[in-house]
Amino acid sequence: MDPAAIATLLTAAAIAGWVDAVVGGGGLLLLPALLIAAPGVPVATALGTNKLAAIAGTTTAAITYARRTKVDWTTAGPAAALAVPVAGLGAALAGSVPPSAYRPVVLGVLVAVALFVTLRPRLGMAADPLRRTPTRISAAVAVAGGLIALYDGMIGPGTGTFLVLAFTTIVGADFVHGSAMAKLVNAGTNLGALVVFGLAGHVWWLLGAAMAVCNILGAVVGARMALRRGSGFVRVVLLVVVLALVAKLGYDQFA
């Protein structure tokens, strides 16, 4: 790989770390960058190398959030623990499901999310403790550590965004605390998928390690900005990322 391509990937890793730390969705940038910079690379190898970079950034962001704000461990902890094996299962199944099978579903969900967030401007701006019931906590653990973790292992881009929305809508977290919980679960999904991809030989360790350093730098900046600027800032970034995901998947589906 030529130096220009490597420089592009390192820059993309830093920006992806920032996006992931704020609201998730960094894979939307980093995964295509890998596929473009290394033509012919197997998709599983691109996914595995992306996970190596992403786990560094999400873990750093999770630590930053945990140090600076209160994290709902009763929800995020079990979800993160469940996410590790489920994401590993998803990684083992990666490639067995063609993109044409899941893309319309994900696209439809994202359009619904964009409309939902736009039409409910107060969503995630303040916590709603009344939603934090045992039933809703169990549902959040199942959705975040089960369904979304499986998606992350198999596909990836947009996982952090889905996690933030899950915690916001199901247990009534505000966007900042929802993002904090999302980082913990996302670190678990990245770990589970990375182990499987690594054992299968689908990780470029040297390149991934260099990207991980840049991803960490972006994650630190992003997490601090989200904590300092609050839920309104996270909401704006969330909408931008969701619309970018819709555009990307829509192009892939119809172009």
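Structure: see above.
Note that the coordinates shown come from a computational prediction; the quantities given were computed from them, not determined experimentally. (Residues numbered from 1 in each chain as written. Predicted model: local features only at pLDDT ≥ 70, side-chain atom pairs only at ≥ 80, totals over all residues. Heavy atoms only, no water.)

Draft legend 1. Representation of the overall build of the protein chain. Each helix and strand in the protein chain was counted, giving 10 helices and zero strands. Its helices and strands in sequence order give the protein chain the pattern α-α-α-α-α-α-α-α-α-α, from N to C terminus. The C-alpha radius of gyration of the protein chain comes to 17 Å, within 12% of the 18 Å expected for a compact globule of 255 residues. Based on the C-alpha atoms only, the size of the protein chain along its principal axes is roughly 55 × 35 × 30 Å. Across the protein chain, contacts joining residues at least 24 apart in sequence account for 83% of those joining residues at least 6 apart. Counting only carbon and sulfur atoms, one obtains 72% of the accessible surface of the protein chain, whose full area is about 10700 Å². Between the mean site of the 16 positive side-chain charges and the mean site of the 7 negative ones, the protein chain shows a separation of 8 Å. (Helix = DSSP H or I, 4+ residues; strand = E, 2+ residues; numbered from the N terminus. Rg over C-alpha atoms; globule rule 2.2 N^0.38 Å. Contact = heavy atoms within 4.5 Å. Areas by Shrake-Rupley, 256 points an atom, 1.4 Å probe, with all protein chains shown as cover. Lys, Arg positive; Asp, Glu negative; His and termini not counted. Charge placed at Lys NZ, Arg CZ, Asp CG, Glu CD.)

Draft legend 2. Representation of the packing of helix α3 (residues 43-68) against helix α8 (residues 175-199) within the structure. One way to put it is that α3 packs onto α8 with a least axis distance of 8 Å and a crossing angle of 145 degrees. The two elements α3 and α8 meet at a crossing, and its hand is left-handed. Note on element contacts: α8 touches α3 through Val176, Ser179, Ala180, Lys183, Leu184, Asn186, Ala187, Asn190, Leu191, Ala193, Leu194 and Phe197, opposite Ala44, Leu47, Gly48, Lys51, Leu52, Ala54, Ile55, Thr58, Thr59, Ala61, Ala62 and Tyr65. Partitioned by chemical class, the residues of the contact of α3 with α8 number 16 nonpolar, six polar and two charged. (Axes fitted to C-alpha atoms, helices over the stretch in contact; angles between N-to-C directions. Left-handed = near helix turned anticlockwise from the far one by under 90°. Nonpolar A, V, L, I, M, F, W, Y, C, P; charged D, E, K, R; others polar.)

Draft legend 3. The arrangement of a nonpolar patch on the surface in detail. Residues Met1, Ile6 and Trp204 make up a contiguous nonpolar surface patch of roughly 260 Å² in combined accessible area. Considering the arrangement of structural elements, one finds Met1 in the segment before α1 (3-22). (Patch = residues over 30% accessible without salt bridge, like charges linked within 9 Å, V, L, I, M, F, W, Y side chains within 5 Å. Salt bridge = Lys/Arg side-chain N within 4 Å of Asp/Glu carboxyl O.)

Draft legend 4. Local environment of the environment of Leu110. Here Leu110 shows up in helix α5 (residues 99-119). Sequence separation between Leu110 and Leu227 is 117 residues, and the spatial gap between their C-alpha atoms is 25 Å. Ignoring anything within four residues of it in the chain, the contact list for Leu110 reads Phe162, Val242, Leu245, Val246 and Leu249.

Draft legend 5. Main features of the nonpolar core. Among the nonpolar cores identified, the biggest contains 61 residues, and Val23, Leu110 and Val185 are the most heavily contacted of them. The element that contributes the greatest number of residues to this core is helix α10 (residues 231-254), accounting for 10 residues. Formed by 23 residues, the second largest nonpolar core is a distinct cluster that contains Leu31, Leu52, Leu194 and Val203. (Core = buried A, V, L, I, M, F, W, Y, C linked by side-chain atoms within 4.5 Å. Buried < 20%, exposed > 50% of the residue type's maximum accessible area, 1.4 Å probe, protein only.)

Draft legend 6. Highlighting the pattern of salt bridges. One pass over the full model with this rule turns up three salt bridges. Notably, a salt bridge pairs Lys51 with Asp152, separated by 2.6 Å at the nearest N-O pair. With Lys51 in helix α3 and Asp152 in helix α6 (residues 134-154), this residue pair connects regions lying 101 residues apart in the sequence. There is no split in this pair, since Lys51 and Asp152 are both buried. Residues Arg131 and Asp128 are paired through a salt bridge, measuring 3.3 Å at the closest nitrogen-oxygen approach. Judged by its relative accessible area of 28%, Asp128 falls in the partly exposed class.

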